[in-house]
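Descriptive analysis of the structure
One-letter residues, chain by chain:
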Amino acid sequence: MSAWLLLAAWIWPLLLAPFASSTRHGRWLAALGPLPALGATLVVPLGTRIELPWLLLGTQLGLDPLGRTYLLFTALLWLVAGIHAGSAGLGPAAGRFRALFLLAMAGNLWLIVGQDLASFYAGFAIMGLAAYGLVIHEGNARALRAGRVYLAMALLGEVTLFAALVLIASESGTLAPAPQQLATLGPAAIGLLLAGLAVKAGLMPLHLWLPLAHPAAPAAASAVLSATMIKVALLGWLRYLPVGVIALPGWGELLTGIGLLTLALALPIGLMQTEAKTVLAYSSIAKMGLLAALLGAMLAEPTLAEVGVGALALYVVHHALVKGGLFLGVGLRKAGAPAQPLILAGMALLALAMAGAPLTSGAAAKAAVAPLLEHARWPWILTLVSASVVVTTLLMARLLWLVAGIDARPHPAQGRALASWGGLVALVMLFPLLVPAPPELKDALLVGAGGTLALAVWRWPGPLRRLAGRVPPGDLLALLGPPWHAVSHAWQRLARVWLALTRPLVARIGEGLTLGPAVADGEHALRRWPVAGALWLTLLLLLIGALWRAPVEIAARPMESDPLIESTSEIESTSEIESTSEIESTSEIESTSEIESTSEIESTSEIEATSEIEAMPEVESTPDDPSPQIESIQEAEATPRVEPGSTPGASACDPARPFLLAAPDDAEDLLRLPRCDSEGSTLDAPELSNALVRRVQRWLVALGFDPGPVDGLIGPRTRAAIRAFERDRGDPARGAIDFELLERLTAPAR
């Protein structure tokens, strides 16, 4: 029963969202939302999976080691941020904020526990669109501008990600691909996946939304935006890229280069900012650049993945807890929470952890990723990362300087928020005890160098004071502003000229096409929100009904054409074939009834060998029995039928004898499935493809089992139908597509 906590982890916040707008009872619902997810991390065993065939394209929920790590820190941060959302004065739109907060939480948790492509995208989209409402919550010009940039970038990322996931499903033949199935991904799928998630990660130059959205949103939203939401990009890359399976040196070098460029540019730009939350936003961009560079190293060198995946997960946990604590600490300073000196002390401890000082979580995280840096292809990465530690220390000193300058009146209602934040700081301080790492002199020297530079700047601020505020948040937007305004101005002038030239013609046409007040009144009525909303809802329901009632089926084609079998009603031998003996055609070959052969045939076009075509027994096919025949033609692209109870491939593997899988309604539509691998060994199961899965789905439908849409994708419903078929035949319910299953499917009914 504990497995159902994986469903409750994201369903529960969705159910709470409609009630969050209640001013009386909805205040603390945001803090209750992540509780089932926290419970799932504690009681659900690793490897647990549940299948929901009725949801989307067939949803699979599960918990693997990486998913458990993500679920734990994500639920914890949503819990602390939810307490802050309940304590903060969010104005008259507080109910709307809490409802959107719960929706974004549900999407974030769903994509973590979802093990299929559809679940990942659905959760990603819900999280991203709901976060737009969190960004524009204040409603001022600054928040609305940040919201416009965020929404444009978010939609760009989601469309790109959707295209990538569709390609992955098509090329792997399944909605829940295993790492080995990702090894054959094409460059388009990999490139779109990297680009789509790079927007969420904030990699340059796709980072424009991040330094604008974080300062504009309330502290509770900023904390989860930076600590949890941008981390899902790394989760998506680890799940749907062939990390550790094959070497992708080109893509690895590209991702490493972009990550290091992001790291090198974000830190100095952050030093020029004049607001604490903007400084933290650029710090998040820099850290995501570092994580992307480390992932690129694993793509280039698959052997690094064995230790690299766990190391990246540990670094993600460290950064999420520390960055969430820093954003919430800034919020407590601005809200005037009690015990301001303690808040400043906690902020200082978190800043040291972010810089990677010895005996902190940052030092433990750096020790975990050190093997990736040491064994990377480019030894100069160590130098760049060491320099980034010095600049990060300067950046944290800049943050503390800005936070100390915040002046706010005490507000006693922040007691719960302060207590939850204190617990988060304590957890960060205990992190080195949970993941011990010996103190390194190098870390102390680098942080000390950064601290010394910070003291020098504080003592003599003159030379650097002029740089403050020179690069505004969103940096590239400021650079693109003048050209954009010039292009916009030119476009407006062209539009005015065009309207001036066409206005007389439009006026004459309008006089001749006057439709009268009745049409105008009807158009006005259609524009009303109730009418327009009802029409859109009706169209949506019709579309869903059409998709539900009439799933699209693409006819499967054989993988290779068969030169020896022609799809005609009657095939007669009309030519001579050279062979070791003289061949006479002694019968008519009918494609749907029987095959008789009495001679030896050598195929000079395809097989250079001499073999015999043994006579096959006659197999009758009736309309009541949709099962066609899998024919056995030695040397002529066929394989002998495996008798029930025998093991497929028990005989010597012959590459010239593939498995022919006919369609349930067309015996001539044959799908050739190789029985041997490249080394000549017998395969137990064919390689999955859309054509094969679609053919199996058609057989299941013909035999009275429901595999869901006949779309060539092997989701939970298809596997459930396979298991039902196997149980019906008295076989073990495995749900796998192998040659034994294909024999059972095509065997005549007893």
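Residues numbered from 1 in each chain as written. Predicted model: local features only at pLDDT ≥ 70, side-chain atom pairs only at ≥ 80, totals over all residues. Heavy atoms only, no water.

Next up on the list: the overall build of the chain. Each helix and strand counted, the chain has 26 helices and six strands in total. Within the span of the chain, comprising 750 residues, buried residues form 49% of the whole. Intrachain contacts of the chain at a sequence separation of at least 6 include 72% that bridge at least 24 residues. Accessible area for the chain stands at about 35500 Å²; split by element, carbon and sulfur atoms hold 64% of it. (Helix = DSSP H or I, 4+ residues; strand = E, 2+ residues; numbered from the N terminus. Buried < 20%, exposed > 50% of the residue type's maximum accessible area, 1.4 Å probe, protein only. Contact = heavy atoms within 4.5 Å. Areas by Shrake-Rupley, 256 points an atom, 1.4 Å probe, with all protein chains shown as cover.)

Moving on: the pattern of salt bridges. Applying the stated criterion across every chain yields a total of eleven salt bridges. For the salt bridge of Asp443 with Lys366, the shortest nitrogen-to-oxygen distance reads 3.2 Å. A residue pair is termed long-range when its members are at least 10 positions apart, and Asp443 in helix H19 (residues 441–459) and Lys366 in helix H16 (residues 361–374) qualify at 77 residues. With respect to burial, Asp443 and Lys366 carry one shared label: buried. A salt bridge links Arg734 to Asp738, with the shortest nitrogen-to-oxygen separation between them at 2.7 Å. Each member of the salt-bridge network shares a partner with another, and the members are Arg142, Glu275 and Lys334. (Salt bridge = Lys/Arg side-chain N within 4 Å of Asp/Glu carboxyl O.)

Counting through the fold element by element, Ser420 comes out in helix H18 (residues 415–434). Those residues within four positions of Ser420 in sequence are excluded, and the remaining contacts are Val80, Ile83 and His84.

All right, on to unusual backbone geometry then. In this structure, Pro205 follows Met204 across a cis peptide bond, with omega equal to 5 degrees. Position of Pro205 among the secondary structure elements: in the loop between helix H8 (187–201) and helix H9 (210–216). The backbone of Leu56 shows a phi angle near 55 degrees, a positive value even though the residue is not glycine. Located in the positive-phi region is Leu359, a residue other than glycine, with phi close to 65 degrees. Among the structural elements, Leu359 can be located in the loop between helix H15 (340–355) and H16.

So, about the packing of aromatic side chains. For any pair of aromatic rings, geometry is given as the distance between the ring centres together with the angle between the planes. By the definition in use, this model includes ten aromatic pairs. Linked through ring pairs, Trp78, Phe97 and Phe101 together constitute an aromatic cluster. If you follow Lys200 out to its NZ or CZ, it ends over the ring of Phe124, 5.3 Å from the centre. Looking at Lys200, its charged tip hangs above the ring of Trp209, at a distance of 5.8 Å from the centre. (Phe/Tyr/Trp six-rings, centres within 6.5 Å; stacked < 30°, edge-to-face > 60°. Lys NZ or Arg CZ within 6 Å of the ring centre and 35° of its normal.)

With that settled, the discussion passes to the nonpolar core. Phe101, Leu193 and Trp237 are the most contacted members of the largest nonpolar core, which totals 174 residues. The leading source of residues in this core is helix H13 (residues 276–300), at 17 residues. Other than its neighbours up to four places away in sequence, Leu193 contacts Leu161, Ala164, Leu165, Ile168, Gly236, Trp237, Tyr240 and Leu241. Formed by 20 residues, the second largest nonpolar core is a distinct cluster that contains Leu661, Trp699, Leu742 and Leu745. (Core = buried A, V, L, I, M, F, W, Y, C linked by side-chain atoms within 4.5 Å.)

A word on the environment of Gly202. Inspection of the secondary structure puts Gly202 in the loop between H8 and H9. Look at Gly202 and you get buried, because its relative accessible area is 0%. A C-alpha to C-alpha distance of 7.2 Å links Gly202 and Met288, two positions 86 residues apart in sequence. Once you skip the residues sitting within four places of it in the chain, Gly202 turns out to touch His207, Leu210, Thr262 and Ile285.

This brings us to the confidence of the model for the chain. Any segment with low pLDDT has predicted coordinates that should not be analysed in fine detail. Within the chain, residue pLDDT values average 78, and 77% of them lie at 70 or more. In the predicted structure, residues 547–651 sits below a pLDDT of 50 and forms 160 contacts with residues beyond four places in sequence or in another chain. (pLDDT = per-residue confidence, 0-100.)

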